[in-house]
Structures are given as structure tokens and as C-alpha cells.
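# Summary of the model geometry
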Amino acid sequence: MSHDDLIVTDPAICGGQPVIRGTRVPLRTVLGSLAEGDTVEQIVNSFPSLTDDVVRAVISFAAASAYDDLPSPGAKVPV
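So, here's what we can say about the structure. (Residues numbered from 1 in each chain as written. Predicted model: local features only at pLDDT ≥ 70, side-chain atom pairs only at ≥ 80, totals over all residues. Heavy atoms only, no water.)

Attention now moves to the overall build of the protein. From N to C terminus, the protein includes four helices and two strands. When the elements of the protein are put in sequence order from the N terminus, they spell out α-β-β-α-α-α. When burial is assessed residue by residue, the protein has 25% of its 79 residues classed as buried. In the protein, 35% of the contacts between residues at least 6 apart in sequence involve partners at least 24 apart. For the protein, the computed accessible surface area is about 5,400 Å², with 55% contributed by carbon and sulfur atoms. (Helix = DSSP H or I, 4+ residues; strand = E, 2+ residues; numbered from the N terminus. Buried < 20%, exposed > 50% of the residue type's maximum accessible area, 1.4 Å probe, protein only. Contact = heavy atoms within 4.5 Å. Areas by Shrake-Rupley, 256 points an atom, 1.4 Å probe, with all protein chains shown as cover.)

The next subject is the nonpolar core. Counting residues in hydrophobic clusters, the biggest one holds 14 residues, and the most contacted among them are Ile 20, Val 30, Leu 50 and Val 55. Elements with a contribution of two residues or more to this core: helix H2 (27-35), helix H3 (40-46) and helix H4 (52-69). Among the elements that make up this core, the one with the highest residue count is H4 (four residues). Those residues in contact with Val 30 that sit more than four places away from it in its chain are Ile 20, Val 25, Ile 43, Leu 50, Val 55 and Val 58. (Core = buried A, V, L, I, M, F, W, Y, C linked by side-chain atoms within 4.5 Å.)

Another aspect to go through is the side chain of Thr 23. Tracing the backbone through its elements, the reader meets Thr 23 in the loop between strand E2 (19-20) and H2. A polar atom in the side chain of Thr 23 sits 2.7 Å from the backbone oxygen of Ile 20. Polar contacts involving the side chain of Thr 23 include one to the main-chain amide nitrogen of Val 25, which spans 3.0 Å. (Polar contact = N/O pair within 3.5 Å; in protein donor to acceptor, adjacent residues only side chain to side chain.)

Turning next to the environment of Phe 47. Here Phe 47 shows up in the loop between H3 and H4. Along the chain, Phe 47 and Val 25 lie 22 residues apart, while their C-alpha atoms are 8.1 Å from each other. Residues in contact with Phe 47, not counting those within four places in the same chain, are Val 25 and Thr 29.

This is the structure:
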């Protein structure tokens with residue numbers, strides 16, 4: 001399941017924050033839960049509209065976003 005199919009941004013939903021399609025669950029809520037140590041199962045139990053695959057897609061999206069923002073190895077970073 002691709003994160004591109006699951007994540008939407010709509011100014012009319014949650015102030016335009018990225019959310020999971022068909023829900024009002026912001027990505028930052030899911031990522032915050034993971035950062036606090038919640039398991040995928042705990043998140044799915046807390047948000048019944050989500051599935052394991054959806055939570056994994058959120059993780060994939062975050063990883064892809066971080067990859068896009070990180071300089072390549074050996075690149076000189078301006079100081």
C-alpha cells in the first residue's frame with residue numbers, strides 16, 4: 001500500500017494538516033504515538049479507522065520525507 005494513496009492534505013480538514021484519507025487522523029498524531037513508544041497494534045486499537053498497513057504507510061511517508069530533507073553522505077552543509 002502506497003503512502004501516496006493514503007495521505008491527503010485538504011484545507012477543509014484539520015486545517016490542511018496531512019491526514020489519513022477518509023479520516024481526521026493527522027499524521028503527526030500517529031508519528032507522535034510511535035515516538036512515545038506505542039506499538040502499531042496500540043495505535044490501531046486507539047484509532048479503529050486505521051489498519052496496520054495504514055500505520056506502516058505513515059512510517060514510510062515519514063521515512064521518505066526525511067530522506068528528501070537529508071543531505072547526501074559526504075555533502076558539504078553550509079554553516
